[in-house]
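Working through the structure, step by step
Here's the letter readout for the chains.
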Amino acid sequence: MEDCIFCRIAQGEMDAKILYSDEEVVAFQDINPQAPVHFLVIPRKHLHSAFQLGEEDQHLLYKIFHVIREISREKGIDQEGVRILTNVAPGAGQSVFHLHFHALGGRRMLWPPG
Ligand code: 5GP
Ligand code: ZN
């Protein structure tokens, strides 16, 4: 999709610190990390948010969580704890309208989130 920064990152048209990439998903460091480890995992397919996921996207969801687990292992945070979240709509904090899952770790996470 034009003018979508995450589509542009996925297509290599915009710089990002890529952690993993294949034909379906891309993982990269968040530009404004909120924890010692903070990366994003996105589908290459442009979906506005999690509410646009369809039944045909079930594999994509598995894949995203699989990639989060593998990167968390590589970064050594899989045992101590990883916060995985996706914001839907601005009221929840969504600011980029291409589905992405945040993975945060390396520090104690608070609950409830702000
Ligand atoms: P949201 O607020 O939509 O849940 O999350 C968007 C996330 O994307 C934010 O954590 C923000 O720091 C990150 N972000 C926004 N623009 C860029 C960018 O150009 N590159 C990277 N790597 N991350 C970005
Ligand atoms: Zn997009």
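This text goes with the structure placed above it.
Sequence order as written defines residue numbering, which begins from 1 separately in each chain. To read the labels, note that chains go from A and ligands from 1, taken in the order they are written. Selection of residues for local features in this predicted model requires a pLDDT of at least 70, selection of side-chain atom pairs for listing and counting requires 80 or more, and totals for whole chains, interfaces and linings are taken over all residues. Computation of side-chain values covers all heavy atoms of the structure but excludes hydrogens and water.

Near ligand 1 lie 17 residues; those nearest to it are Asp30, Asn87, Gly93, Ser95 and His102. Polar contacts, as counted here, are pairs of nitrogen or oxygen atoms within 3.5 Å of one another; within protein the pair requires one atom able to donate a hydrogen and one able to accept it, and residues that are adjacent in sequence qualify only if both atoms are side-chain atoms. Between ligand 1 and Ile31 there is a distance of 3.3 Å, counted from a nitrogen atom to a backbone nitrogen or oxygen. Contact between ligand 1 and His100: an oxygen atom at 2.9 Å from a side-chain N or O atom of the residue. Only the protein chains shown count as cover for residues, and the accessible areas themselves come from Shrake-Rupley with a 1.4 Å probe. The fraction of the free accessible surface of ligand 1 (520 Å²) that becomes covered by protein chains is 84%. Of the two site types, the cavity is a set of points on a 1 Å grid over the protein atoms alone where a 1.4 Å probe fits but cannot get out, and the pocket is an open set with protein on both sides within 12 Å along at least five of seven lines, each lined by residues with an atom within 4 Å of a point. To decide whether a molecule occupies a pocket or cavity, check its atoms: if more than half lie within 2 Å of the grid points, it is inside. Of the pockets mapped on this structure, ligand 1 occupies the largest pocket. Contributing elements (two or more residues each) for the shell around ligand 1: helix H1 (5-10) and strand S2 (25-29). Helix and strand labels come from DSSP, where a helix needs a run of H or I of at least four residues and a strand needs a run of E of at least two; each type is numbered from the N terminus. With three residues, H1 is the single largest residue contributor to the shell around ligand 1. Taken together, the residues of the shell around ligand 1 sort by class into eight nonpolar, eight polar and one charged. Whether a residue is near a molecule or strand depends on its heavy atoms: if one lies within 4 Å, it is near. All residues other than Ala, Val, Leu, Ile, Met, Phe, Trp, Tyr, Cys, Pro, Asp, Glu, Lys and Arg, Gly among them, are scored as polar; the first ten of these are nonpolar and the last four charged.

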